[in-house]
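Structural overview
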Amino acid sequence: MNKEELEKAIVEKIEEMESPEYEFPERFSKNQYLIVLVSVIVSASILIAGAFI
């Protein structure tokens, strides 16, 4: 993809998002944020523990 195609794609996406019909995705709920936080903590713990094995 060259620069002109990229710029055209960006402009098209911006126009799509600015249209009144565009539906934004739902925001994360508290439970979803909690799941992400727990996943990050578990992943970091496994990574740190693996460094000492």
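The structure contained in this document is the topic of the report that follows. Every chain's residues receive numbers from 1 upward, in the order its sequence appears when written. pLDDT decides what is reported in this predicted model: residues at 70 or higher carry local features, side-chain atom pairs at 80 or more are listed and counted, and totals for whole chains, interfaces and linings draw on all residues regardless. Side-chain metrics in this entry use all non-hydrogen atoms of the structure; hydrogen atoms and water are not considered.

**Considerations on the overall build of the protein chain**
- Numbering of helices and strands runs from the N terminus; a helix is a DSSP stretch of H or I covering at least four residues, while a strand is a stretch of E covering at least two. Along the protein chain, the regular secondary structure elements total 2 helices and 0 strands.
- Taken along its principal axes, the extent of the C-alpha atoms in the protein chain is 50 × 35 × 10 Å.
- Under the convention used here, a 1.4 Å probe and the Shrake-Rupley method define accessible areas, while residue burial counts only the protein chains that appear. Counting every atom, the protein chain has about 5,400 Å² of accessible surface; 64% of that belongs to carbon and sulfur.
- The positive charge centre, built from 5 side chains, and the negative charge centre, built from 10, are 9 Å apart in the protein chain. Charge assignment: positive for Lys and Arg, negative for Asp and Glu; neither His nor the chain ends contribute. The atom standing in for a charge is NZ when the residue is Lys, CZ when it is Arg, CG when it is Asp and CD when it is Glu.

**Here we look at a nonpolar patch on the surface**
- A contiguous nonpolar surface patch, about 550 Å² in accessible area, is contributed by Leu34, Leu37, Val38, Ile41, Val42 and Ile46.
- Structurally, Val38 is set in helix α2 (residues 30–51).
- Using a relative accessible area of 44% as the deciding quantity, one classes Val38 as partly exposed. Surface patches are defined over residues having more than 30% relative accessible area and no salt bridge, joining like charges when they lie within 9 Å and nonpolar side chains (Val, Leu, Ile, Met, Phe, Trp, Tyr) when within 5 Å. Put simply, a salt bridge is a Lys or Arg side-chain nitrogen that is within 4 Å of an Asp or Glu carboxyl oxygen. Whether a residue is buried, partly exposed or exposed follows from its accessible area with a 1.4 Å probe, protein chains only, as a fraction of its type maximum: under 20%, in between, or over 50%, in that order.

**Here's the deal with the packing of aromatic side chains**
- Pairing of aromatic rings covers Phe, Tyr and Trp, the last through its six-membered ring, and needs centres within 6.5 Å; plane angles under 30 degrees mean stacked, over 60 mean edge-to-face, and all others mean tilted. For the coordinates displayed, the defined rule picks out 2 aromatic pairs.
- A centroid spacing of 5.3 Å and a plane angle of 65° characterise the contact between Phe28 and Tyr33, whose relative ring orientation is edge-to-face.
- For Phe28, a relative accessible area of 45% gives the class partly exposed.

**So, helix α1 (residues 3–18)**
- Taking 1.5 Å of rise per residue, the 16 residues of α1 would be expected to cover 22 Å, and the 23 Å separating its terminal C-alpha atoms lies within 8% of that figure.
- Under this definition, polar contacts are N or O atom pairs within 3.5 Å; protein pairs additionally need one hydrogen-donor-capable and one acceptor-capable atom, and for neighbouring residues in sequence, both atoms have to be side-chain atoms. With a side-chain oxygen positioned 3.2 Å from the backbone nitrogen of Glu4, the residue opening α1 is Asn2. Expected helix span is given by 1.5 Å per residue-to-residue step, counting one fewer step than there are residues.

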